[in-house]
Amino acid sequence: MDYLFIKWVHILSSTILFGTGIGSAFFLFMANRRKDIAAIYFATRHVVIADWLFTTPAVILQLLTGLYLVHLGHYPLTEGWIKWGLVLYFFAGACWLPVVWMQIRMRDMAKAALTSGTSLPARYWLFDRWWVILGSLAFPTVAVIFWLMVAKP
């Protein structure tokens, strides 16, 4: 029973992690392409909220439940699929942490531009470029982690 419950939490949190991530990324990406400051502020504000409410707890649960499932299944941490899963997990996290920081700054820049009636600064668009690059690295990484969890090669 313990194993099935932890596995359910692990699968649920991975679904929340990936779903929130791809949904948030889509809405912010589309808002940025429109270059409508009000839409950008709306999107950045809600993406930041979604990261705190959904993504952050899911990221934490993924590691904790994953390690507990490894323990319950009596797998060694040195097993290839586990080792690579952890390496990729931390790589995706290394992409995600600066993205969270940038999203907060992007939200603040969008709010300031909206309030003052000015354009977004060049720094916003530099952050947007890095946000896309880091997200483009993190999302396929998470997909590979899913494959490792299911296939256990």
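See the structure above.
**Points about the nonpolar core**
Turning to step 1, where the next piece is worked out: Grouped together as the largest cluster of nonpolar side chains are 21 residues, with contacts concentrated most on Leu 28, Ile 40, Met 102, Leu 120 and Tyr 124.
Turning to step 2, where the next piece is worked out: Per element, the largest residue contribution to this core is seven residues, and it comes from helix 3 (residues 80–116).
Turning to step 3, where the next piece is worked out: Here Leu 120 is in contact with Ile 37, Ile 40, Met 109, Ala 110, Ala 113 and Trp 125, once residues within four sequence places are set aside.
Turning to step 4, where the next piece is worked out: Core analysis: the second largest hydrophobic core is formed by 10 residues, Val 59, Leu 88, Tyr 89 and Ile 145 among them.

**Side note on the layout of surface pockets**
Turning to step 1, where the next piece is worked out: What the largest pocket holds in volume is close to 1,100 Å³.
Turning to step 2, where the next piece is worked out: Surrounding the largest pocket, 50 residues form its lining, Leu 17, Gln 62, Tyr 89, Val 142 and Ile 145 being those nearest its centre.
Turning to step 3, where the next piece is worked out: The set of elements that each furnish at least two residues to the lining of the largest pocket consists of helix 1 (2–34), helix 2 (37–72), helix 3 and helix 4 (122–151).
Turning to step 4, where the next piece is worked out: Considering every element that reaches the lining of the largest pocket, the biggest residue donor is helix 3, with 14 residues.
Turning to step 5, where the next piece is worked out: Across the lining of the largest pocket, the residue classes tally to 35 nonpolar, 12 polar and three charged.
Turning to step 6, where the next piece is worked out: Taken as a whole, the second largest pocket spans an internal volume of roughly 150 Å³.
Turning to step 7, where the next piece is worked out: Around the second largest pocket, the lining residues are Gly 23, Ser 24, Phe 27, Met 30, Ala 31, Arg 34, Phe 42, Ala 43, His 46, Val 47 and Ala 50.
Turning to step 8, where the next piece is worked out: The biggest single contributor to the lining of the second largest pocket is helix 1, with six residues.

Parameters at a glance
Residues numbered from 1 in each chain as written. Predicted model: local features only at pLDDT ≥ 70, side-chain atom pairs only at ≥ 80, totals over all residues. Heavy atoms only, no water. Core = buried A, V, L, I, M, F, W, Y, C linked by side-chain atoms within 4.5 Å. Buried < 20%, exposed > 50% of the residue type's maximum accessible area, 1.4 Å probe, protein only. Helix = DSSP H or I, 4+ residues; strand = E, 2+ residues; numbered from the N terminus. Contact = heavy atoms within 4.5 Å. 1 Å grid on protein atoms, 1.4 Å probe; cavity = no way out; pocket = protein on both sides within 12 Å on 5 of 7 lines; lining within 4 Å. Points joined across faces, edges and corners; volume = space filled by probe spheres on them. Nonpolar A, V, L, I, M, F, W, Y, C, P; charged D, E, K, R; others polar.

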